[in-house]
Amino acid sequence: MRNKARKRDYPSLALAPIAVLPEFQRKGIGSKLIAEAHRIAAQLDFGSIILLGHANYYPKFGYVTMAEYGINMPFEVADENCMIIELCQRALTGVQGTVVYPQEFGIT
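A brief look at the structure comes next. Residue indices follow the written sequence of each chain, beginning from 1 at its first position. Restriction of local features to residues with pLDDT of at least 70 applies here, the model being predicted, together with a cutoff of 80 or more for giving and counting side-chain atom pairs; totals for whole chains, interfaces and linings are based on all residues. Excluding hydrogens and water, the side-chain values take into account all heavy atoms of the structure.

### A look at the pattern of salt bridges
Quick note on the threshold: We define a salt bridge as a contact between a side-chain nitrogen of Lys or Arg and a carboxyl oxygen of Asp or Glu at a distance within 4 Å. Only DSSP runs of H or I with at least four residues qualify as helices, and only runs of E with at least two residues qualify as strands; both kinds are numbered from the N terminus onward. Only protein chains enter the area calculation, which uses a 1.4 Å probe; residues under 20% of their type maximum are buried, those over 50% are exposed, and those in between are partly exposed.
Tallied over the entire structure, the rule returns 1 salt bridge. A salt bridge links arginine 39 to glutamate 36; the shortest N-O distance between them is 2.7 Å. In this pair, arginine 39 and glutamate 36 both sit in helix H1 (residues 29-43), 3 residues apart, roughly one turn of the helix. On the accessibility criterion, arginine 39 (43% relative accessible area) is partly exposed. Since its relative accessible area comes to 35%, glutamate 36 is described here as partly exposed.

Here is the structure:
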């Protein structure tokens, strides 16, 4: 994420969509995948994870809208689907701005 006012970058990870085959859904597999992603990200010293996902699914893992932090996506999408989680307390204190994806994603 890039804070325009302070012209500083804050590294964060992006969680890709979680998908579990229908016959294996509702068994906690998706929840375990997310928990493990959080564990590994924290172990690697990342303070946050962003995602674009279903507004009714990810909040149960602690995700809140990025708008609550003054963070936005570089493209048009409903605020309710743009979420972020702090992996450690106060990791996002003072962070605001626009998400900047790596060049390989082709998102400008």
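### Concerning the pairing of strand E7 (residues 82-86)
The line we're drawing: DSSP bridges decide pairing: two strands pair if at least two such bridges lie between them.
Most of E7 sits inside the fold, with 4 of its 5 residues counted as buried. Sheet topology places strand E4 (residues 48-52) next to E7; 5 bridges connect them, and they run antiparallel. By the bridge assignment, isoleucine 50 is partnered in E7 with isoleucine 84. Alignment of strand E5 (residues 64-65) against E7, held across 2 bridges, turns out to be antiparallel. For valine 64, the partnering residue across the bridge sits in E7 and is isoleucine 84.

### Thoughts on the sheet that holds E4
The strands making up a sheet are joined through hydrogen bonds of the backbone, oriented either antiparallel or parallel. Strand order in the open sheet made by the 4 strands is E3-E4-E7-E5, with mixed pairing throughout. Whereas interior strands pair on both sides, the edge strands pair on one side only; in this sheet they are strand E3 (13-15) and E5. Both E3 and E4 contribute to a ladder of 3 bridges, which runs parallel. Paired with leucine 13 across the strands is isoleucine 49, a residue of E4.

### So, H1
As a reminder, the rule being used: Working rule for helices: expected span equals 1.5 Å times residues minus one.
Helix length check: H1 (15 residues) gives 21 Å between terminal C-alpha atoms against 21 Å at 1.5 Å per residue, within 8%. Remark: aspartate 45 follows H1 within two positions and exhibits a positive phi of approximately 70 degrees.

### Here's the deal with the packing of aromatic side chains
The condition is simple: In this analysis, rings of Phe, Tyr and Trp, with Trp reduced to its six-membered ring, are considered paired at centre separations within 6.5 Å, and the interplanar angle assigns stacked below 30 degrees, edge-to-face beyond 60, and tilted for intermediate values.
This structure, assessed with the given rule, holds 5 aromatic pairs. Centre to centre, the rings of tyrosine 57 and phenylalanine 61 are 5.3 Å apart; their planes meet at 65 degrees, and the pair counts as edge-to-face. Between phenylalanine 75 and tyrosine 101 the ring centres are 6.3 Å apart and the planes differ by 20 degrees, which places this aromatic pair in the stacked class. You can see phenylalanine 75 sitting in the loop between strand E6 (71-72) and E7 and its partner tyrosine 101 sitting in the segment after strand E8 (97-98), a full 26 residues away along the chain. By relative accessible area, which is 30% here, phenylalanine 75 ends up partly exposed. Of the aromatic side chains, those joined through ring pairs into one cluster are Tyr57, Tyr58, Phe61 and Tyr63.

The quantities given are spatial measurements derived from coordinates; they are silent on function.
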